Amino acid sequence: QTPQQRKANEKFKKSQDAKRGKSASEIKKKEDFKSPISPLWLGLLGFVVFGGLIFELLSRIFLR
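Being a predicted model, the structure only gives us computed values, none of them experimental.

### Points about the overall build of the chain
Reasoning step 1: Secondary structure assignment for the chain yields 2 helices and 0 strands.
Reasoning step 2: The C-alpha radius of gyration computed for the chain amounts to 26 Å, which surpasses the reference 11 Å derived for 64 residues by more than 25%, pointing to a less compact arrangement than a globule.
Reasoning step 3: Based on the C-alpha atoms only, the size of the chain along its principal axes is roughly 70 × 35 × 15 Å.
Reasoning step 4: Charge-centre separation for the chain: the mean point of 14 positive side chains lies 4 Å from the mean point of 6 negative side chains.

### Description of the pattern of salt bridges
Reasoning step 1: Applying the stated criterion to the full structure yields 3 salt bridges.
Reasoning step 2: Here D17 ties to R20 by a salt bridge, and the two come within 2.7 Å at their closest N and O atoms.
Reasoning step 3: The class of D17 is partly exposed, set by a relative accessible area of 33%.
Reasoning step 4: For E56, the salt bridge identified is with R60, shortest N-O distance 2.9 Å. Pair noted here: E56 and R60 are both in helix α2 (residues 39-62), with a separation of 4 residues, about one helical turn.
Reasoning step 5: Given a relative accessible area of 36%, E56 falls into the partly exposed group.
Reasoning step 6: Three or more residues joined by partner-sharing salt bridges are found here, namely K13, D17 and R20.

What counts and what doesn't
Residues numbered from 1 in each chain as written. Predicted model: local features only at pLDDT ≥ 70, side-chain atom pairs only at ≥ 80, totals over all residues. Heavy atoms only, no water. Helix = DSSP H or I, 4+ residues; strand = E, 2+ residues; numbered from the N terminus. Rg over C-alpha atoms; globule rule 2.2 N^0.38 Å. Lys, Arg positive; Asp, Glu negative; His and termini not counted. Charge placed at Lys NZ, Arg CZ, Asp CG, Glu CD. Salt bridge = Lys/Arg side-chain N within 4 Å of Asp/Glu carboxyl O. Buried < 20%, exposed > 50% of the residue type's maximum accessible area, 1.4 Å probe, protein only.

Here it is as structure tokens:
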């Protein structure tokens, strides 16, 4: 084992020992997943992509 692996194993062992004997509600849970992009930017990106797609389809249908 390398020293880095040994440190990682010790850290993991400590976290597992701290959890042992406790109920699931007592164990610290991870936070919910949070998107790195805000809903405003996702909406704007969707508008640009799908708006462009709809515009392209309409122009191909009506302006052959």
